[in-house]
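Structural overview for review
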Amino acid sequence: MSEKKFNIAVAGATGAVGNQMIECLKERNFPVKSIKLLASSRSVGRKLRFKGDALSVEELTEESFKGVDIALFSAGGGTSLKFSPIAASSGCVVIDNSSAWRMDADVPLVVPEVNPHAIADYKKKGIIANPNCSTIQMVVALNPIRKKCGIKRIVVSTYQAVSGTGKKAIDELFDQTRAMINFLDYKKNVYPHRIAFNCLPHIDVFLDNGYTKEEMKMLNETRKIMEDNTIGVTATTVRVPVFFGHAESVNIETQEYISASDVKALLEKAPGVKLVDDIKNNIYPLQTDAAGQDLTMVGRIRQDESIPNGINMWIAADNIRKGAATNAVQIAEILADKYL
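Parameters at a glance
Residues numbered from 1 in each chain as written. Predicted model: local features only at pLDDT ≥ 70, side-chain atom pairs only at ≥ 80, totals over all residues. Heavy atoms only, no water. UniProt positions renumbered as here; feature names shortened; annotations may be inferred. Helix = DSSP H or I, 4+ residues; strand = E, 2+ residues; numbered from the N terminus. Rg over C-alpha atoms; globule rule 2.2 N^0.38 Å. Buried < 20%, exposed > 50% of the residue type's maximum accessible area, 1.4 Å probe, protein only. Contact = heavy atoms within 4.5 Å. Areas by Shrake-Rupley, 256 points an atom, 1.4 Å probe, with all protein chains shown as cover. Lys, Arg positive; Asp, Glu negative; His and termini not counted. Charge placed at Lys NZ, Arg CZ, Asp CG, Glu CD. Pairing = 2+ DSSP bridges. Axes fitted to C-alpha atoms, helices over the stretch in contact; angles between N-to-C directions. Phe/Tyr/Trp six-rings, centres within 6.5 Å; stacked < 30°, edge-to-face > 60°.

You'll find the protein chain entered in an unreviewed UniProt entry as Aspartate-semialdehyde dehydrogenase, with uncultured Desulfobacterium sp given as the organism. What UniProt states about the protein chain under its Function (unreviewed entry) heading is, verbatim, "Catalyzes the NADPH-dependent formation of L-aspartate-semialdehyde (L-ASA) by the reductive dephosphorylation of L-aspartyl-4-phosphate." UniProt, in the comment section headed Subunit (unreviewed entry), describes the protein chain in these words: "Homodimer."

1. Some points on the overall build of the protein chain
Tallying secondary structure elements over the protein chain gives 8 helices and 14 strands in all. Over its C-alpha trace the protein chain gives a radius of gyration of 20 Å, about what one expects of a compact globule, namely 20 Å for 340 residues. Referenced to the eigenvectors of the C-alpha coordinate spread, the extents of the protein chain come out at roughly 60 × 55 × 40 Å. Burial statistics for the protein chain: of 340 residues in total, 52% are counted as buried. When contacts within the protein chain are restricted to residue pairs at least 6 apart in sequence, those whose partners lie at least 24 apart make up 66%. Accessible surface computed for the protein chain: about 15,400 Å², of which carbon and sulfur atoms make up 49%. Within the protein chain, one finds 42 positive and 39 negative side-chain charges whose respective centroids are separated by 3 Å.

2. Notes on the sheet that holds strand S8 (residues 127-129)
On the basis of which strands lie adjacent, the open sheet formed by 6 strands has the order S5-S2-S1-S6-S7-S8 and parallel pairing. Looking along the sheet, the strands with just one partner apiece sit at the ends: strand S5 (58-59) and S8. As paired elements, strand S1 (residues 6-11) and strand S6 (residues 70-73) share 4 bridges and run parallel to each other. Its bridge partner being in S6, Ala9 is matched across the sheet by Ala71. The sheet contacts of helix H8 (residues 321-338) involve S1, S6, strand S7 (93-96) and S8, and relative to S6 the element is tilted by about 165°.

3. Concerning the packing of aromatic side chains
Remark: the centre distance and the inter-plane angle together describe each pair of aromatic rings, the angle taken between the planes. Going through the model one piece at a time under the given rule, you end up with 4 aromatic pairs. Judged by centre distance (6.2 Å) and plane angle (45°), the rings of Phe6 and Phe30 are tilted. Of the two residues, Phe6 is situated in strand S1 and Phe30 in the loop between helix H1 (16-27) and strand S2 (32-39); the sequence distance between them amounts to 24 residues. Comparing Phe6 with Phe30 shows no difference in burial state: the two are buried.

4. Here's the deal with the sheet that holds strand S11 (residues 246-254)
Read from one edge of the open sheet, 6 strands run S10-S9-S11-S14-S13-S12, paired in mixed fashion. Each having just a single partner strand, strand S10 (232-239) and strand S12 (273-275) make up the two edges of the open sheet. Across the sheet, the mean angle separating the axes of adjacent strands is 20° when strand polarity is ignored. Pairing geometry for strand S13 (residues 296-303) and strand S14 (residues 310-317), over 5 bridges, is antiparallel. The residue of S14 that forms the bridge with Val298 is Ile315. Where helix H5 (residues 213-226) meets the sheet, it contacts strand S9 (151-160), S10 and S11, and its direction lies at approximately 140° from that of S10.

See the structure below:
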């Protein structure tokens, strides 16, 4: 990375992903000249730390982006739709974590390990979209296979932590678990059913085709990131009683035959991937192990014996880090190094 330093803004700084964005900027030693922490009026004056300094949160307004080079957004789709164009018109490049811009034809949707070249298209609108957390970890794992032998079809079932919904969902899982252990009544406010000791096959709203919005995101985003609209993708997304870390059971049908051992060899060298596959010793990816790290863990790799060109695998990653904040900061690193 060049020695140039950049003025950074984090919109939605007080949320779980916003907080992690700030932490990732520090951990990865991003060349920050100044940093502005933005949130709604409710959070104004709240103190957050960056590299030992206590910084006051400012209100997100139309004037917030003057002099800012890169803005990391994790403030929700509506906020992004309103403020991202304003930020871009101020000469700032927006990296947005919401779903607001992902399928816009003029906005690149980027996973640095898969399609870093797409970042160059930021100039069309001044906005780069961060994909859905479940999509990110899946395409990181599948891209080396796609490049080697092509992918015809993907069948994925996700097991997604409550942190993907936000802090209120984390609190709800904790409170319900504590209540049930103590034989007390529990409340449900975030999800339509109890999440403690339960799995809900329902993430986001249901659409007319019977899929949820989350499931269709995985289809549409995968095709856009991999630049291949012929890939078949069908998803079932499930919320599970885990605090942090998403897991996925993934079955792929490849264009050409590839053995499970060759897949393991590919993934052992793949960027952003950690091969965790030693079934003799009961070693495979766990959500508890993925939490707190940036690598996408892949294991349980085996042939699908029901079709000629099939592979099964299990993937786990931290949905707040690689599934959101880290991916955004990685995009910022490439943007700063090659384009600004």
